[in-house]
Each structure stands twice: as C-alpha cells, then as structure tokens.
Amino acid sequence: MNMPPVLMHVKIKSINSSFGLWLPLFLLIPLALVVLIILSPLILIAIIVLWPSRWGRLALHALPMSWGVFCAMRGLKVDIHNPRESVFISVV
Amino acid sequence: MTENKKKILEMLADKKISIDDAYRLLNVVDTGESGQESPPKTEPGVKSSHKYLRVTVLPNADHEDAAHADRVNVRVPMSLIRAGIKLTSLIPPEAMDKMNSALHDKGINFDMRNVKPEDIEELIEALGDMEVDVVSGREKVKVFVE
C-alpha cells in the first residue's frame, strides 16, 4: 500500500484571473476519518440491508478500494496550457 | 508471407476459425518466426519497474502556428492505473453485461470480467514497451511509460 498523498496543488490561470491553492490533504484525512467513524453505524446498517442484493458487498469493498485509489494518486500531475488558459494539478 | 500464415488466412476465409483464433495463431506464428520466446509472465505481486504513464502534447516547431498550440503534460502513476483496473470489480454484473455488449457492438470482443490481478501486472509490464508518437498539424503527441 502506498503512502497517502500529503498535498494537492491546484493552479488555474486565465487572462482575467488567477487562482492557486495548496490543499493540505494530510489535515483532511483525520477529518474524513472522524466523519467515517460517525457515519459507520449508518454505513454498517446500509451494508447489512443491501447484502442480499449484492450491493452491500460492493459497498463493503468500495471503502478500501476508494482508499487505495486515493493513496495511488500520489505523483499524479496534470499540466495543461493554451495561450488563454492554463490548469495545473499536482498531488504530492 | 509464410505458408503457415497463408493457411491461417485460408482457414479464416473458409470460416473454419474465428477472427480471434486467427489473430492468436498469427501471433504464435510471428513469435515462432522471429525466434523469440514469449516474454516471461510477471508473477503476481511483483511490481513492474515503470512508475508513470506520460502523455505530452507539445507544439510542432515546424508548423507556422506553433505558438498558439496547446501544451499538455500529464503524468499518471502506474499505481493509479492498477487501482483503477481493480475498481472494475465493483462494477455491478448488469452494468458489466451492458459494457461488454457495447464493446462487442464496436467490434471489440473483450470481457472485462476476465481481467484478473495477475493480468493487470502483465498489462502494465506490456505498457512499458508502448510508445505512441503522433505529429499532427501544429502539435506533437507522445504517450509513453517511464
């Protein structure tokens, strides 16, 4: 399992405006964990209710897989420029 | 063209074998002719050395309008591709059937259900040999693995 990403850098530039943001993902992870713990009884009930229709099993697997995708995003870089606009996204 | 290849194509023309079978047989013949052994299968759990899939679009310096061309530089970690392929296991069977039939309609006989974890590593390993280089108008597109 990869280490989860720590920061996300988003930069959007156009002729009129410019926007840049360093998103501290390492601070958002504990927040997301707290929300997950609070919602866990509801998630558990939903999984049990949906289990016979196979959606429950999918929901159960979706949680670790989503975490896997999140961790795998480390190193992702998207840099798009044209003479009028530019978008830069980097996950570190 | 060798005798073997002619025979395969004749069998295909006579509808004795399917297109998939012919393709598979032609690959086997090609491998035999070039004297190369098929690449060793990657063992499950052994990660390939390639780390990123890169897509770059750069201005074509030979084109007069190159200054107005778009520039794209995308770097996708292989681990993200791996995780994305694994996510296909979450696709409900009904949706998978629809996907497969849509692919079949486009002439692609590929069943997503047959993708197994060991195939993912093999696929990613094979991506290492891929390099797409397209020069079109004012842009140069390059897809490669590093």
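Owing to the predicted nature of the structure, the values given are computational and were not obtained by experimental measurement.

Parameters at a glance
Residues numbered from 1 in each chain as written. Chains lettered and ligands numbered in written order. Predicted model: local features only at pLDDT ≥ 70, side-chain atom pairs only at ≥ 80, totals over all residues. Helix = DSSP H or I, 4+ residues; strand = E, 2+ residues; numbered from the N terminus. Buried ≥ 20, exposed ≤ 12 C-beta atoms within 10 Å, placed from the backbone. Contact = placed C-beta atoms within 7 Å. Nonpolar A, V, L, I, M, F, W, Y, C, P; charged D, E, K, R; others polar. Pairing = 2+ DSSP bridges. Core = buried A, V, L, I, M, F, W, Y, C linked by C-beta atoms within 7 Å.

Undergrad: Please give an account of the overall build of chain B that cites residues and values.
TA: When helices and strands are counted, chain B shows five helices and four strands. Listed by position from the N terminus, the elements making up chain B come as α-α-β-β-α-α-α-β-β. For chain B, buried positions account for 8% of its 146 residues.

Undergrad: Report on the interface of chain B and chain A, specifying residues and quantitative values.
TA: Quite often, the size of an interface is put as the accessible area lost when its parts meet. With 19 residues of chain B at the interface, the matching set in chain A holds 19 residues. Only β2 (71–77) and α3 (78–87) of chain B provide two or more residues apiece to the side of chain B that touches chain A. Split by residue class, the side of chain B that touches chain A holds 10 nonpolar, four polar and five charged. Summarising the sheet, strand β3 (residues 77–81) of chain A and β2(B) pair through five bridges and their orientation is antiparallel. Looking across to β2(B), one finds that Lys77(A) is bridged to Arg75(B).

Undergrad: Report on the nonpolar core, specifying residues and quantitative values.
TA: Within the largest apolar cluster, five residues are counted, these being Ala72(A), Met73(A), Val91(A), Leu80(B) and Ala83(B). Setting aside residues no more than four positions away along its own chain, Leu80(B) makes contact with Ala72(A), Met73(A) and Leu76(A).

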